[in-house]
Amino acid sequence: MSSLPNKLNSYWLWKEVRDKLNVSNPLYKYWRDTPHIKLNNKYIFIKKHTLPSKYDYVEEILTDLSGYLPTRYASDALGINEHVFSYEKMRLYSEFEYKYVCDVKFVNIRKFFKENGIKVSNGATVHLGRLKDLEITQNATFYNLKNDYGLVVYE
């Protein structure tokens, strides 16, 4: 399966870690043995099980984000407007599962892919959109979704 729905399996949201530990925002930058990633130049995630031993007790109470992505990052990765994840009136809104962690909205991409039988290999590009807006090429796989939407995986 693609790395897209598994991107945060090994990470904690830094904002949640920071809030639980009551530490300063840039502290993670000084933890040499704690890798981190930044998504959309906004969200920072800290690698699981790499917190300094002084703080590792907090990992038991952090939110598991396996299968989830921040809605803004997910919309960019799927090539669709973020409004799909923002408003209940949007046709695909109810097809996704959502979770809030420290006021950041996450969408469960893994569950959506599994429920719709979507298979995406590593390095593939994914485009979710209205049927009339999708371009289907010879080396692409098309998935017809509900409410006049589809998903194309470009290998």
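Our structure's up above, just so we're on the same page.
A. Structural context of the sheet that holds strand E9 (residues 149-154). Read from one edge of the open sheet, three strands run E7-E9-E8, paired in antiparallel fashion. Only two strands of the sheet have a single partner each, and these edge strands are strand E7 (125-130) and strand E8 (140-144). Between one strand axis and the next, the sheet turns by 20° as a mean value, whatever way the strands run. Sheet analysis places E7 next to E9, joined by six bridges and oriented antiparallel. Of the residues in E9, the one forming a bridge with Arg130 is Tyr149.

B. Focus on the nonpolar core. Residues Phe45, Leu78, Phe96, Phe106, Phe113, Ile118 and Leu151 are the most contacted members of the largest nonpolar core, which totals 37 residues. Apart from the residues lying within four places of it in its own chain, the contact partners of Phe106 are Leu8, Leu13, Phe45, Leu65, Tyr68, Leu69, Pro70, Thr71, Glu97, Tyr98, Lys99 and Val101. Val17, Leu27, Trp31 and Tyr55 belong to the second-largest nonpolar core, a separate cluster that totals 14 residues.

C. Highlighting helix H2 (residues 71-78). Every buried residue of H2 is accounted for by Thr71, Tyr73, Ala74, Ser75 and Leu78. Phi for Gly79, located one or two positions after H2, is positive at around 70°.

D. Here's a closer look at the packing of aromatic side chains. In this structure the tally under the stated criterion is eight aromatic pairs. Summarising the aromatic geometry, the rings of Trp14 and Trp31 are spaced 5.6 Å apart at their centres and angled 85° between planes, so their arrangement reads as edge-to-face. Of the two residues, Trp14 is situated in helix H1 (residues 14-21) and Trp31 in the loop between H1 and strand E2 (36-39); the sequence distance between them amounts to 17 residues. Residue classification places Trp31 among the buried residues on the basis of a relative accessible area of 10%. By way of ring pairs, the aromatic residues Trp14, Tyr28, Trp31 and Tyr55 are connected into one cluster. Here the basic side chain of Lys99 rests over the ring of Tyr68, its NZ or CZ set 4.3 Å away from the ring centre. Lying over the aromatic face of Tyr98, Lys105 brings its terminal NZ or CZ to 4.5 Å of the ring centre.

E. View of the sheet that holds strand E3 (residues 43-47). Reading across from one edge, E1-E3-E2 is the order of the three strands in this open sheet, with antiparallel pairing throughout. Each end of this open sheet is capped by a strand with a single partner; those strands are strand E1 (11-13) and E2. Averaged over all neighbouring strand pairs, the angle between strand axes comes to 30°, with direction disregarded. Here four bridges tie E2 to E3, and the two strands are oriented antiparallel to one another.

F. A look at H1. Listed in full, the buried residues belonging to H1 are Trp14, Glu16, Val17 and Leu21. Projection of H1 onto a plane perpendicular to its axis shows the buried side chains occupying an angular sector of 160°, all on one side. Buried positions along H1 lie against E1, E3 and strand E5 (98-101).

G. Summary view of a nonpolar patch on the surface. A cluster of nonpolar residues, Leu131, Ile136 and Phe142, forms a patch on the protein surface that exposes about 240 Å² of accessible area. You can see Leu131 is positioned in the loop between E7 and E8.

H. Spatial organisation of unusual backbone geometry. The phi dihedral of Asn40 falls on the positive side, at around 55°, and the residue is not glycine. Its location among the elements puts Asn40 in the loop between E2 and E3. Phi at Cys102 is positive, roughly 50°, even though this residue is not glycine.

The rules behind each value
Residues numbered from 1 in each chain as written. Predicted model: local features only at pLDDT ≥ 70, side-chain atom pairs only at ≥ 80, totals over all residues. Heavy atoms only, no water. Pairing = 2+ DSSP bridges. Helix = DSSP H or I, 4+ residues; strand = E, 2+ residues; numbered from the N terminus. Axes fitted to C-alpha atoms, helices over the stretch in contact; angles between N-to-C directions. Core = buried A, V, L, I, M, F, W, Y, C linked by side-chain atoms within 4.5 Å. Buried < 20%, exposed > 50% of the residue type's maximum accessible area, 1.4 Å probe, protein only. Contact = heavy atoms within 4.5 Å. Phe/Tyr/Trp six-rings, centres within 6.5 Å; stacked < 30°, edge-to-face > 60°. Lys NZ or Arg CZ within 6 Å of the ring centre and 35° of its normal. Arc of directions from axis to C-beta. Patch = residues over 30% accessible without salt bridge, like charges linked within 9 Å, V, L, I, M, F, W, Y side chains within 5 Å. Areas by Shrake-Rupley, 256 points an atom, 1.4 Å probe, with all protein chains shown as cover. Salt bridge = Lys/Arg side-chain N within 4 Å of Asp/Glu carboxyl O.

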